Amino acid sequence: MNFLSTIVTFENLHEVRRLCHWGPIIALSVIAICSTMAIIDSIIWYWPLDTTGGSINFIMLINWTVLILYNYFNAMFVGPGYIPLGWKPENQQEAQYLQYCRVCQGHKAPRSHHCRKCNRCVMKMDHHCPWINNCCGHLNHAYFTSFLLLAPLGCSHAAIIFIMTMYTQLYERISFGWSTVKIDMSAVRQFQPLMPFSVPAFAATLFALGLALGTTIAVGMLFFIQMKVVLRNKTSIESWIEEKAKDRIQHYQTEEEFIFPYDLSSRWQNFKQVFTWSGTPIGDGIVWPVHPKCHQHTLTVGSVTIHAFQVQYQVVEDYNGACCPVNKGIQTFFRTPCTEEPRIPLSKGDVILATRGTKWWMYGDKVLHDDKLRAGERIRGWFPRRCVEKCHYDTASSDSTSDKKVN
């Protein structure tokens, strides 16, 4: 397995420290609780050695656990792939189309972005995921998306086991008054359960059921979001760049035609760019197949222009910087960005230069007065979209553009 070879390699042994973070601790705890309780309840409900159905159920349960952990650890330890420190294009003339990263002391290859958490420029960066404590990018995008598919499937199977275990064990003990709704219990009554189903066991099963159902819903939604960008051969960052580019064209009423350069015009071809039988995606993470009307640096040049094209907003509603604000609407509460990037408190009258966002949240810089601003300081983070109103489009100054371009 790829992730085992990554762990035992001496120079990459420090990657094991990624486990010492709240994201992997919570994720692995949920996997451990659901898997352990599902195995125990399978033994109570449907003993695997007596019937074919019980054996298939047990084997499938073990299979889900193994596949989930395999893809999870690959997504974490294989990593997204990083642009080499000090990298520069072979053709020096192409450097004029690329952004320069002062931290990595090199140019950013097409589709790469600098991650402040990983402190490296990441190949085809999609986002930094706190649950794997690593970025999702070129090399681990398939593993990450597979994990998002397998986790809801495994949790759905576990939830069925939890429900059936509680039903069969409480069937003879409690009368629900469902005289017309019965489930055939003949198969599970052929043996006596090896473990007693006590009150603590019932409480633990109910708790695991809540975790399984919550994981199925939350992770399932993330899977559909990821598949949407995979089938278009985009990343979450590139989706924002495309949205901003179209917004800019509409605002200035130009006759430009925006073509996303990495969409190969076929969902199957886009899918194969990420998912392969070997598990290794196509390409080296630097040179990419592009649309016939585009070239390698089409999006890179466009993103620099878009960075200079900031949208100015004025704050119309106070915000205290809470991660999941309860007083900003139910959609804002449940659609909070799943990231470790900070939230910024807002007061009425503040001015924000937004650089990206979602339907319910936005990300940008708070404009500060000179007397409040120390050298190199800026306040940047997420805030609810409902707290601001658009003022006008602002083409940043050359200094601001240079700052964005250099990182």
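Worth saying up front: this structure is predicted, and the values here are computed from it rather than measured. (Residues numbered from 1 in each chain as written. Predicted model: local features only at pLDDT ≥ 70, side-chain atom pairs only at ≥ 80, totals over all residues. Heavy atoms only, no water.)

Once that is clear, we can look at the overall build of the chain. Per the secondary structure count, the chain includes 10 helices and 11 strands. In the chain, the share of contacts with a sequence separation of at least 24, taken over all contacts with a separation of at least 6, comes to 70%. A total of about 21700 Å² of accessible surface is found on the chain, and carbon and sulfur atoms cover 61% of it. (Helix = DSSP H or I, 4+ residues; strand = E, 2+ residues; numbered from the N terminus. Contact = heavy atoms within 4.5 Å. Areas by Shrake-Rupley, 256 points an atom, 1.4 Å probe, with all protein chains shown as cover.)

Contact geometry for helix H4 (residues 141-170) and helix H5 (residues 199-230): axes closest at 7 Å, N-to-C directions at 150°. With respect to H5, the element H4 is oriented roughly antiparallel. The element H4 and its partner H5 pack so that their crossing is left-handed. Among the residues forming the contact of H4 with H5, the class breakdown is 22 nonpolar, 8 polar and no charged. (Axes fitted to C-alpha atoms, helices over the stretch in contact; angles between N-to-C directions. Parallel < 35°, antiparallel > 145°, perpendicular 65-115°, else oblique. Left-handed = near helix turned anticlockwise from the far one by under 90°. Nonpolar A, V, L, I, M, F, W, Y, C, P; charged D, E, K, R; others polar.)

Let's shift gears to the environment of Ile43. The topology assignment puts Ile43 in helix H2 (residues 22-45). Ile43 sits 122 residues away from Thr165 along the chain, and the two C-alpha atoms are 9.4 Å apart.

By the definition in use, this model includes 7 salt bridges. Here Glu238 and Arg111 are joined by a salt bridge, their closest N and O atoms 2.7 Å apart. Of this pair, Glu238 sits in helix H6 (residues 236-252) while Arg111 sits in the loop between strand E2 (106-107) and strand E3 (113-115), and the two are 127 residues apart along the sequence. Each member of the pair, Glu238 together with Arg111, is buried. With a closest N to O distance of 2.9 Å, Glu317 and Lys328 form a salt bridge. Within this pair, whereas Glu317 is found in the loop between strand E7 (309-315) and helix H9 (330-334), its partner Lys328 is found in the loop between E7 and H9, the two being separated by 11 residues in sequence. The network of salt bridges with shared partners includes Glu317, Lys328 and Arg386. (Salt bridge = Lys/Arg side-chain N within 4 Å of Asp/Glu carboxyl O. Buried < 20%, exposed > 50% of the residue type's maximum accessible area, 1.4 Å probe, protein only.)

Okay, the nonpolar core next. Counting residues in hydrophobic clusters, the biggest one holds 25 residues, and the most contacted among them are Tyr72, Ile132, Phe144, Phe147, Leu148 and Phe275. Every element with two or more residues in this core is listed here: H2, helix H3 (52-77), H4 and H5. In contact with Tyr72, other than residues within four places in its own chain, are Gly23, Pro24, Ala27, Leu28, Trp131, Ile132 and Phe147. In this structure, Met37, Trp45, Leu61 and Phe162 belong to the second largest nonpolar core, which totals 20 residues. (Core = buried A, V, L, I, M, F, W, Y, C linked by side-chain atoms within 4.5 Å.)

On to unusual backbone geometry, then. One non-glycine residue, Arg111, lies in the positive phi region at around 75°. Residue classification places Arg111 among the buried residues on the basis of a relative accessible area of 5%.

The next subject is the environment of Asn233. Of note, Asn233 is situated in the loop between H5 and H6. Sequence separation between Asn233 and Gln273 is 40 residues; the distance between their C-alpha atoms is 7.5 Å. Not counting residues within four places of it along the chain, the set of residues in contact with Asn233 comprises Arg111, Lys124, Glu238, Phe260, Tyr262, Asp263, Leu264, Asn270 and Gln273. A polar atom in the side chain of Asn233 sits 2.6 Å from the backbone oxygen of Tyr262. (Polar contact = N/O pair within 3.5 Å; in protein donor to acceptor, adjacent residues only side chain to side chain.)

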